[in-house]
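Coordinate inspection notes
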Amino acid sequence: LVDSLIIMAPFALYPELGTLSIPLSGLLALFFRGLLALSKSFLDPFGVEGFADQTMKVDVLVSELNFGASKRWLQAGAFLPKPEEEAEAER
């Protein structure tokens, strides 16, 4: 379906854009190529199926956890606003 769209795009765009339709159809093909690569990475986020260039870096995620990110999240609770009951009791 996408192949037929790419092939027919210059002919469909020619009455409106003239010769500019040819490079624009190339740009359209580049867009769909990127969309295909993105969809492949969503289907295989950890690179098990062989799309190694578009994988999530699990070692980076693990190193962030080991670096103390979990402690930072726990300490962030101190910056939350007080509940209404406590705020009214202080007034």
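Residues numbered from 1 in each chain as written. Predicted model: local features only at pLDDT ≥ 70, side-chain atom pairs only at ≥ 80, totals over all residues. Heavy atoms only, no water.

Regarding the overall build of the chain
The condition is simple: Per the convention used, a helix needs a DSSP run of H or I reaching at least four residues, while a strand needs a run of E reaching at least two, with both numbered from the N terminus. Remark: exposure states derive from per-residue accessible area (1.4 Å probe, protein chains only) relative to the maximum for the residue type, with buried under 20%, exposed over 50%, and partly exposed in between. Throughout, the Shrake-Rupley method with a 1.4 Å probe supplies accessible areas, and for residues the shown protein chains are the sole cover considered.
Of regular secondary structure, the chain possesses four helices and zero strands. From first element to last, N terminus to C terminus, the chain shows the α and β order α-α-α-α. Here the chain holds 91 residues, and the buried ones make up 10% of them. Accessible surface, the chain as shown: approximately 8,100 Å² in total, 67% of it carbon and sulfur.

Description of the environment of L5
Among the structural elements, L5 can be located in helix α1 (residues 2-17). The class for L5 is partly exposed, based on a relative accessible area of 40%. In the structure, L5 is positioned 24 residues away from A29 in sequence and 9.2 Å away in space, judged by C-alpha atoms.

Quick notes on a nonpolar patch on the surface
Condition: Only residues above 30% relative accessible area that lack a salt bridge enter a patch, with like-charged residues linked at up to 9 Å and the nonpolar side chains Val, Leu, Ile, Met, Phe, Trp and Tyr linked at up to 5 Å. Throughout this description, the term salt bridge denotes a Lys or Arg side-chain nitrogen within 4 Å of a carboxyl oxygen of Asp or Glu.
Residues L13, L17, L20, L24, L27 and L30 make up a contiguous nonpolar surface patch of about 500 Å² in total accessible area. For the nonpolar patch, the elements supplying multiple residues, two or more each, are α1 and α2 (21-43). Among the elements that make up the nonpolar patch, the one with the highest residue count is α2 (three residues).

Considering the confidence of the model for the chain
We count it as follows: pLDDT: the predictor's confidence for each residue, scored from 0 to 100.
Overall, the prediction assigns the chain a mean pLDDT of 76, with 62% of residues at 70 or greater. Taken element by element, the predicted model of the chain shows its lowest mean pLDDT in helix α3 (residues 58-76) (68) and its highest in α1 (87).

So, the packing of aromatic side chains
Each aromatic ring pair is summarised here by two numbers: the centre-to-centre distance and the angle between the ring planes. Rules: We call Phe, Tyr and Trp rings a pair once their centres come within 6.5 Å, taking the six-membered ring for Trp, and we label the pair stacked below 30 degrees between planes, edge-to-face above 60, and tilted otherwise.
Counted by the stated rule, this structure contains one aromatic pair. When the centroid spacing of 5.3 Å and the interplanar angle of 70 degrees are considered together, the rings of F31 and F32 count as edge-to-face. Judged by its relative accessible area of 22%, F32 is partly exposed.

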